[in-house]
Amino acid sequence: MKNSVSLNDIRIRNDLRSGDIGAVIQLHGVLYAKEYNYGIEFETYVAAGLNEFYEKYEPHKSRLWIAEHKDKIVGFILLLDRGEAAQLRFFLIAPEYRGIGLGRKLMELYMAFFKSCGYKSSYLWTTHELIPAIDIYKKFGFIIAEEKETNKFGKKLIEQKYELILYS
């Protein structure tokens, strides 16, 4: 699929439709179980976070980007308003859509909205295993700020907090 699909074939939207939350939860749950052996705890973590986004959603301060190909969700990222800061959450690209620039495009959209809202900083939590995503975060200026051991996704991990601070 990588060779037959280009970034031009992907549609990115900002509206949340019926079925989207469940599809994003499922995509995260299945993918992270397969690629990183995360347990059901991770899927419930994603579900809780998406519920929080939905409950607190204010379009002028928070946003999501859903990447679709042929009406199938293939990528996702969201910005959640945390007052002075923006939290980047649930960045994901389906394996067969990696390597076409979709991750970079979603991060560019995130960064543009983040800056247009006047946030002074952004942060995200990830784990030490997610090297490809960490590489993208670093390219956009995020730096590691904190680490802690956890078992919350069904296995021993090191959670990492990355931050981006804008200086004016």
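For the structure, see preceding data.
In what follows, the accompanying structure is described.

Conventions and cut-offs
- Residues numbered from 1 in each chain as written.
- Predicted model: local features only at pLDDT ≥ 70, side-chain atom pairs only at ≥ 80, totals over all residues.
- Heavy atoms only, no water.
- Helix = DSSP H or I, 4+ residues; strand = E, 2+ residues; numbered from the N terminus.
- Expected span 1.5 Å × (residues − 1).
- Buried < 20%, exposed > 50% of the residue type's maximum accessible area, 1.4 Å probe, protein only.
- Core = buried A, V, L, I, M, F, W, Y, C linked by side-chain atoms within 4.5 Å.
- Contact = heavy atoms within 4.5 Å.
- Pairing = 2+ DSSP bridges.
- Axes fitted to C-alpha atoms, helices over the stretch in contact; angles between N-to-C directions.
- Salt bridge = Lys/Arg side-chain N within 4 Å of Asp/Glu carboxyl O.

Across its 15 residues, helix H3 (residues 102-116) extends 21 Å between first and last C-alpha, which sits within 8% of the 21 Å expected from 1.5 Å per residue. Within the sequence span of H3, burial applies to Leu102, Gly103, Leu106, Met107, Tyr110, Met111, Phe113 and Phe114. At the exit of H3 stands Gly118, carrying a positive phi of roughly 85°.

With that settled, the discussion passes to the nonpolar core. The nonpolar side chains of a soluble globular protein tend to be buried, and buried together. Formed by 50 residues in total, the largest nonpolar core has its most connected members in Leu88, Phe91, Leu102, Tyr110 and Phe142. Apart from residues lying up to four places away in sequence, Tyr110 is in contact with Trp65, Ile77, Leu78, Leu79, Ala86, Gln87, Leu88 and Ser122.

So, about the sheet that holds strand E3 (residues 72-82). Read from one edge to the other, the open sheet built from seven strands follows the order E1-E2-E3-E4-E5-E7-E6, with strand pairing classed as mixed. Here the strands that pair on one side only, and so sit at the sheet edges, are strand E1 (11-13) and strand E6 (143-150). Averaged over all neighbouring strand pairs, the angle between strand axes comes to 20°, with direction disregarded. As paired strands, strand E2 (residues 63-69) and E3 are joined by seven bridges and run antiparallel to one another. Considered in E3, the bridge of Arg63 is made with Leu79.

With that settled, the discussion passes to the pattern of salt bridges. Opposite charge on two side chains makes pairing possible when the charged atoms of those side chains draw close. Going through the model one piece at a time under the given rule, you end up with 17 salt bridges. Of the charged contacts in the structure, one is a salt bridge between Glu52 and Arg89, with a shortest N-O distance of 3.5 Å. With a gap of 37 residues between them, Glu52 in helix H2 (residues 40-56) and Arg89 in strand E4 (residues 85-93) connect regions that are remote in the sequence. In this structure, Asp81 engages Lys61 in a salt bridge whose closest nitrogen and oxygen atoms are separated by 3.4 Å. Residue Asp81 is located in strand E3, and its partner Lys61 is located in the loop between H2 and E2; the two are separated by 20 residues in the primary sequence. We classify Lys61 as partly exposed; its relative accessible area is 28%. Within the structure, one salt-bridge network assembled from shared partners comprises Arg11, Arg13, Asp15, Arg17, Asp20 and Glu68.

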